[in-house]
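Fold and geometry: a report
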Amino acid sequence: MAGRGTAHLGAPEDSLLRIENLHVRFPTGRGTVFAVTDVSLDIRKGETLGLVGESGCGKSTTGRAIMQLPPPTEGTVVYDGQDLTRLKGEKLRSIRTKLQMIFQDPISSLNPRRKVEDIVAEGLRIWKIGTEAERAAKVDEVLEAVGLDPQVARGRRPHQFSGGQCQRISIARAVVTEPDLIICDEPVSALDVSVQAQILNLLEDLKTRYGLTVIFIAHDLAVVKNVSDRVAVMYLGRMCEVGPPDIIYSTPAHPYTEALLAAIPEPDPDKVDPDRVPLGGELPSPVSPPSGCHFRTRCPRADEVCVEVVPEMAPTGDGRFVACHHPLVETVVAVGAGSAQG
Amino acid sequence: MTAVDTEPATPGTDAEHLLVVDDLSTSFATGQGPLRAVEHVSLDLGRGRTLGIVGESGSGKSVLARSIMGLLPKYASRTGSVRFEGQEMIGASASDLRTLWGARMAMVFQDPMTALNPVLRIGRQITESINEHLDYSKTQQRETAVALLRSVGIPEPERRLRQYPHELSGGMRQRVVIAISLACGPALLFADEPTTALDVTVQAQILDLLEAQQRERNMAVVLVTHDLGVVATRADEIAVMYGGRIVEQAPTQVLFREMRHPYTEALLKSIPRLDLPSHTRLEAIAGRPPDLLDPPSGCRFTPRCPYAQDKCHAEEPPLEDDGTGHLYRCWFPVGITSKQTTVDSVVTEANVRQGDDDQAVPAKVPPAPPVDGPPPAAPAGEDT
């Protein structure tokens, strides 16, 4: 992966949000951390885009850079015709009502001292949306929509709820201002499998009910596949592969995607693959990422081209795009000379 | 390699039954009365075998592992019997247990960040148990530590010995924790969620490593996890726990093909699978695990069970063997009084959402879980 390019982006008028050439760098005492490098993405209205990768791949940083938390070092984030990276203060804040986030840890993302009704209504109150009574009715409506009984839940505080219920409250808080886009950053990874299924189903229901567009960030490929219309795989700050989940999962084009998929334990005792070669080595330091393709240090197919040239996004002809010099699926426009080598 | 790999001679009488747990119950004294975290658990584990213990948080799986080892706080009490290599563990003196811990049975904990002492060098932490249990010279200890680090796949072991835990990545730290647990060549290893804190690619590396070490040392492993995927291809036998009890126990193949308990079925159906098409509607388990301070009457899964009938509320089913070594605790088992679910049927009968359907109408929203006060307190000692 470790690629760049914008070939995978659709027409600007189709996208709700369009990120181009996004870079995020953090200066630290031991050098600059290259968290996100040259990432371009577009999110179409009404779709769910899954962003997957291991910890440290820059998926959360990308999600936060969209919210300008903090703003990216370089690149543009265009939402509704406006470049968010150029907005400041009041203008940026007012646009954030349309972009909401849900975080990983449902318990620590809620203020323990406030009542649920205050937590959920805060966005409405800040933006003076509706009268007091209208706000109360709206809070009841969203609490009901996330599967909580408003009469019981309103007056309680977060510690009186389980982790799954707290995540429902976080979701209620995110949808109450009627956003266009919700960024879910690992929303189910802190939950038990049985609760995880409840929350995933709830997110799908709310998406239809409120006409939401969702960016779903997670490290669990099976979870991402379940909710996504398109999946983007990241590695060490760069995009590897973008496309429909059913295509990516059945025939991965990027060697990293293949390695990730092979590493997932399936709950089926017959799914033992004796030829499985686990991905060796460790994630390189983001302070000094490898030259060329970021994945080359762990890639079984890497050669000299991968050391020198950053691969560009190229279509594989089935709606999927891959940034690799030696992809597992032939690209339509040959990138680099040796794409047929083994 | 060094002497770490050689097993001390043990009496042959217990070769088949390395660990025999009989009717083990553990309860914690709390302000609201006794919390029965584990009840009536019986297990039998042979040398070199792998037992998977699966369940949600609060099901008692970690407490069970700690109860067997005897790593419990003072306010916990145990009844029943735990025989390890023919020796009774319950009621054994602390000094007797100390000769076993680390030497004959060891534990790998979930979080490699907190399992290591941050102010001691790696080398010192590995040689600690060797120093305690084996009569080795300083040089032998060091050589053993280097060999151990190499065997768990850590490059440049000599240099690592001088490093502190914070200098290693999470995956490397978990390898060090495994090296420590293997140091004295234990006959039984408990792995309590050993890969939950790690990325999938690292998880695969660590599980492969555990398996290789297990084969090499003919070591029995108890693998505690919430992830059915982790045990599916690695355990010989699986015990599913719910509300402090084993609800189903069977050889792995049998469990996935002929599951009998509705909870096992529900767990399997709620997992997102790679081989399911995207936008499959998952079958969530409604409600939540029982409050162990005030458990439901009858079968503990009744409030969440789709097949529950009057008998289930009134009377708790016993854990019974169907004659083939498949144990389950249910009055109306799946596949006998209802249709058999298997690991394959979950995939073939998937309910995929259509792009234009309106499954979001309120009627289809899964029933709201009861908002009924604080969640059940996690049993002490869980998730540490």
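Each value, and the rule that gives it
Residues numbered from 1 in each chain as written. Chains lettered and ligands numbered in written order. Predicted model: local features only at pLDDT ≥ 70, side-chain atom pairs only at ≥ 80, totals over all residues. Helix = DSSP H or I, 4+ residues; strand = E, 2+ residues; numbered from the N terminus. Buried ≥ 20, exposed ≤ 12 C-beta atoms within 10 Å, placed from the backbone. Contact = placed C-beta atoms within 7 Å. Core = buried A, V, L, I, M, F, W, Y, C linked by C-beta atoms within 7 Å. Pairing = 2+ DSSP bridges. Axes fitted to C-alpha atoms, helices over the stretch in contact; angles between N-to-C directions. pLDDT = per-residue confidence, 0-100. Parallel < 35°, antiparallel > 145°, perpendicular 65-115°, else oblique. Left-handed = near helix turned anticlockwise from the far one by under 90°. Nonpolar A, V, L, I, M, F, W, Y, C, P; charged D, E, K, R; others polar.

1. Observations concerning the overall build of chain B
Along the backbone of chain B there are 13 helices and twelve strands. By residue count, 46% of the 384 residues in chain B fall in the buried class. Long-range contacts, defined here as pairs at least 24 residues apart, represent 69% of the contacts in chain B between residues at least 6 apart.

2. Description of the nonpolar core
A:Val120, A:Ile215, A:Phe216 and B:Ala179 are the most contacted members of the largest nonpolar core, which totals 196 residues. Per-element tally for this core: the top contributor is helix α7 (residues 193-210) of chain A, with eight residues. Not counting residues within four places of it along the chain, the set of residues in contact with A:Val120 comprises A:Val139, A:Val142, A:Leu143, A:Ile169, A:Ala172, A:Arg173 and A:Val176.

3. Let's talk about the pairing of strand β1 (residues 15-28) of chain A
All names here are of chain A. As defined by bridge partners, β1 adjoins strand β2 (residues 31-44) across ten bridges and the pair is classed as antiparallel. Bridge pairing in β2 links Thr 28 to Gly 31. Here β1 folds back onto β2 in antiparallel fashion, the turn holding two residues. Where β1 and strand β4 (residues 74-79) come together, five bridges link them in antiparallel fashion. Paired with Ile 19 across the two strands is Val 77, which belongs to β4.

4. A short note on the sheet that holds strand β3 (residues 50-54) of chain B
All names here are of chain B. An order of β6-β7-β8-β3-β9-β10-β12-β11 is seen for the eight strands of this open sheet, with the pairing classed as mixed. A single partner strand is all that each edge strand has here, and the edge strands are β6 (105-108) and β11 (320-321). On top of the sheet, helix α7 (residues 170-182) reaches β6 and β7 (188-192); it is set at about 175° to β6, its chief contact.

5. Concerning the pairing of strand β10 (residues 245-251) of chain B
Residues and elements named next belong to chain B. Burial analysis of β10 places six of its seven residues in the buried class, the great majority of the element. Of the strand pairs in this sheet, strand β9 (residues 237-242) and β10 are connected by six bridges, and their pairing is antiparallel. Considered in β10, the bridge of Glu 237 is made with Pro 251. Where β9 folds back on β10, the antiparallel hairpin that results is connected by two residues, among which Gly 243 adopts a positive phi of roughly 55°. Summarising the sheet, β10 and strand β12 (residues 327-328) pair through two bridges and their orientation is antiparallel. Across the sheet, residue Gln 249 finds its bridge partner in β12, namely Leu 327.

6. Some words on the confidence of the model for chain B
Residue and element names in this part refer to chain B. When pLDDT is averaged along chain B, the result is 85; 88% of the residues meet or exceed 70. In the predicted structure, residues 1-14 sits below a pLDDT of 50 and forms 18 contacts with residues beyond four places in sequence or in another chain. Segment residues 356-384 is flagged for pLDDT under 50; beyond a separation of four residues in sequence, or across chains, it makes 64 contacts in the model. Model confidence for the complex: the whole-complex pTM is 0.84, and ipTM, which rates the interface, is 0.83.

7. Looking at the packing of helix α10 (residues 255-263) of chain A against helix α8 (residues 200-217) of chain B
Interaxial distance between α10(A) and α8(B) falls to 8 Å at its minimum, and their mutual angle equals 50°. The orientation of α10(A) relative to α8(B) falls into the category oblique. In this structure, the crossing between α10(A) and α8(B) has a hand that is left-handed. Mapping the contact onto sequence places A:Ala259, A:Leu260 and A:Ala263 in α10(A) and B:Val200, B:Thr201, B:Gln203 and B:Ala204 in α8(B).

8. Brief notes about the sheet that holds strand β9 (residues 230-235) of chain A
Within a sheet, each strand pairs with its neighbour through backbone hydrogen bonds, oriented either parallel or antiparallel. Residue and element names in this part refer to chain A. The mixed open sheet is built from eight strands, whose spatial order is β6-β7-β8-β3-β9-β10-β12-β11. Looking at which strands have only one partner, the edges of the open sheet turn out to be β6 (99-102) and β11 (314-315). Pairing geometry for strand β3 (residues 48-52) and β9, over four bridges, is parallel. The residue of β9 that forms the bridge with Leu 49 is Arg 230.

9. Focus: the environment of A:Pro72
Residue and element names in this part refer to chain A. Mapping Pro 72 onto the fold places it in the loop between α1 (59-66) and β4. Look at Pro 72 and you get buried, because 24 C-beta atoms sit within 10 Å. Between the alpha carbons of Pro 72 and Thr 61 there is a distance of 9.0 Å; along the sequence they are eleven residues apart. Residue contacts for Pro 72: discarding those within four places in its chain leaves Leu 22, His 23, Val 24, Ala 65, Val 77 and Thr 85.

10. A look at unusual backbone geometry
Along the chain, A:Leu69 connects to A:Pro70 via a cis peptide bond; the corresponding omega equals -5°. Here A:Pro70 shows up in the loop between α1 and β4. Not every positive phi belongs to a glycine, and B:Glu85 is a case in point at roughly 50°. By the element assignment, B:Glu85 lies in the loop between β4 (76-84) and β5 (87-88). On the basis of neighbour counts, which here come to 20 C-beta atoms within 10 Å, the residue B:Glu85 falls in the buried class.

11. Regarding the interface of chain A and chain B
With 48 residues of chain A in contact, the opposing surface of chain B contributes 50 residues. For the side of chain A that touches chain B, the secondary-structure elements that each account for two or more residues are α5 (150-153), α7, α8 (221-227), α9 (245-250) and α10 of chain A. When residues of the side of chain A that touches chain B are assigned to their parent elements, the largest contribution, ten residues, is made by α7(A). Across the side of chain A that touches chain B, the residue classes tally to 23 nonpolar, 13 polar and twelve charged.

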